[in-house]
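Letter by letter, the chains look like this.
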Amino acid sequence: MYVNQLKIDELLVDESFVKWIKNPDEQTTVFWEQWCLMHPEYEKEVSIARNIVSGITYEKTYELTKYESDTMLANILQFERQMRIPEASEDKENNNILRFRPSIWVAAASIVILIGSGVSWWMWSIRDLQELTSKIQQKKVRLPDGSVVTMNSQSKLIYPAQFWGKRREVQLEGEAFFEVEKDAEHPFIIHTNHTETTVLGTSFNVRARKNEYSVAVMTGKVQFQSKQQKAILLPGEIGIAENTIRKTSFNPKKVIGWKDGILLFEQDNFEYVFKTLEERYGVHIVVAPNTLLKGRYSGEFKNESLENVLTGIAYTSRFQFRIDKDKVIISN
């Protein structure tokens, strides 16, 4: 979608617009609500400017001479022009992970908003937005481009108030399912500690927990990159980053069922079963000494409590359990 950058710039330096977003009164509210009704063609630009101003932290107010304010404005514009120069084949170099690059507004240590004749100004900085989930929480987040992220428990997502430049970039710790809006001109990139996933528009699951890094694709095509290797993943394929990237098929219920409350086990050993339950229910499972757990377990649960799940597993696997707050003891 085309965005009028000049109009965004005009809004950002408009004292009345900034006041309407940060500290509205009746006069500014009436004026800007009427202005928005009269100019529906700038709906996207107003939304972007609103996101930017909402993320501003005002630190100090100073009085500058006209020469000082003009000099600052010239420096800002020069900085912005430099940031817009295309990077020379940065994506072609090697297999090293590309670092997360903040947007132009975040990259600046401080930016000024000129008011009126440019005599007074506010110093501000824009913070990236951050979403967190607790031990048993899931959350849906809508990104500035319309993409939707469903976060699994114990996860963290960092993203800008507005995507700028040629790439849409976010950071993830934990696990999340992405439904990315298509935009061939602006690739969507997810950074983790050890991997990078690049798409144009698709749906897929990203897992980045401790030493587990994987991407499972539902629709579209995904480039999955570790420090050692790149791989292209197609629908129905999962890439697992170990020493190299291992590709295989996967059962969507087992890998992505978490977002629909599904637990699926298919001939899994008890180490995997208990680790999955720990992650899902936010508990610590301890196997008592001399406890004998034989064979493997298969079963499916949907939106069941921890007690019900353990009861089902224990019945067929011949063990007993005791739940003590956030701790589970397994014994024979």
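Residues numbered from 1 in each chain as written. Predicted model: local features only at pLDDT ≥ 70, side-chain atom pairs only at ≥ 80, totals over all residues. Heavy atoms only, no water.

Under an unreviewed UniProt entry, the protein has the name FecR domain-containing protein and belongs to Xanthocytophaga flava.

Further remarks concern the packing of aromatic side chains. According to the stated counting rule, one finds 14 aromatic pairs in the structure shown. Their ring planes at 90° and their centres at 5.1 Å tell us that F31 and W32 sit as a pair that is edge-to-face. Ring geometry for F265 against Y272: centres 6.3 Å apart, planes inclined by 85°, an arrangement best described as edge-to-face. These aromatic residues form a ring-pair network of at least three members: F17, W20, F31, W32, W35 and Y42. Taking NZ or CZ as reference, K259 lies 4.8 Å from the ring centre of F177, over its face. (Phe/Tyr/Trp six-rings, centres within 6.5 Å; stacked < 30°, edge-to-face > 60°. Lys NZ or Arg CZ within 6 Å of the ring centre and 35° of its normal.)

A separate point is the pattern of salt bridges. Scanning the entire structure with this criterion turns up 14 salt bridges. With a shortest N-O distance of 2.8 Å, K275 and E212 are connected by a salt bridge. Taken together, the positions of K275 in helix α8 (residues 270-281) and E212 in strand β12 (residues 212-219) put the pair 63 residues apart, joining distant regions of the chain. Within the structure, one salt-bridge network assembled from shared partners comprises E175, R207, R209, E212, K275 and E279. (Salt bridge = Lys/Arg side-chain N within 4 Å of Asp/Glu carboxyl O. Helix = DSSP H or I, 4+ residues; strand = E, 2+ residues; numbered from the N terminus.)

Okay, the environment of Q162 next. By secondary structure assignment, the location of Q162 is in the loop between β7 (156-159) and β8 (168-179). Assessed through its relative accessible area of 9%, Q162 is described here as buried. Between the C-alpha atom of Q162 and that of D145, which follows or precedes it by 17 residues, the distance is 7.8 Å. (Buried < 20%, exposed > 50% of the residue type's maximum accessible area, 1.4 Å probe, protein only.)

Taken together, the 5 bridges between strand β15 (residues 237-241) and strand β16 (residues 245-249) define a ladder with antiparallel strand orientation. When the sheet's bridge partners are listed, A241 is paired in β16 with I245. What sits between the antiparallel neighbours β15 and β16 is a turn of 3 residues. (Pairing = 2+ DSSP bridges.)

A few words now on helix α4 (residues 43-54). With 12 residues, α4 extends 16 Å between its outermost C-alpha atoms, agreeing within 8% with the 16 Å of an ideal straight helix rising 1.5 Å per residue. Buried within α4 are the following residues: E45, V46, I48, A49, I52 and V53. Projected onto a plane normal to the axis of α4, the buried residues spread over an arc of 165° and lie on a single side. (Expected span 1.5 Å × (residues − 1). Arc of directions from axis to C-beta.)

Along the chain, the position of I48 falls in helix α4. Note: C-alpha distance between I48 and Q162 (114 residues apart in sequence) is 6.3 Å.

Pairing of strand β18 (residues 284-287) with strand β21 (residues 327-331), which is carried by 4 bridges, proceeds in the parallel orientation. Counted as the bridge partner of I285 is V328 from β21. Bridge count for strand β20 (residues 320-324) against β21 is 5 bridges, and the pairing is antiparallel. If you follow F321 over to β21, its bridge partner there is I330.

Counting 27 residues, the largest nonpolar core has L143, L157, V170, F178, F188, F204 and V215 as the members making the most contacts within it. Of all the elements in the fold, those that place two or more residues in this core are β6 (148-151), β7, β8, β9 (188-191), β11 (203-209), β12, β13 (222-225) and β14 (230-233). Broken down by element, this core gets its largest block of residues, 4 residues, from β8. By size, the runner-up hydrophobic cluster in this structure holds 19 residues, among which are Y281, V283, F319 and I330. (Core = buried A, V, L, I, M, F, W, Y, C linked by side-chain atoms within 4.5 Å.)

A word on the environment of N290. Inspection of the secondary structure assignment puts N290 in the loop between β18 and β19 (297-302). Each C-alpha atom of the pair N290 and N332 lies 8.4 Å from the other, and the pair is 42 residues apart in sequence.

Here α8 spans 16 Å end to end across 12 residues, near enough to the 16 Å set by a 1.5 Å rise per residue. By the burial criterion, the buried members of α8 are F270, V273, F274, T276, L277, E279, R280 and Y281. A distance of 3.3 Å separates the backbone nitrogen of E271 from a side-chain oxygen at the start of α8, and that oxygen is part of N269. Positive backbone phi, approximately 65°, marks G282, located one or two places after α8. (Polar contact = N/O pair within 3.5 Å; in protein donor to acceptor, adjacent residues only side chain to side chain.)

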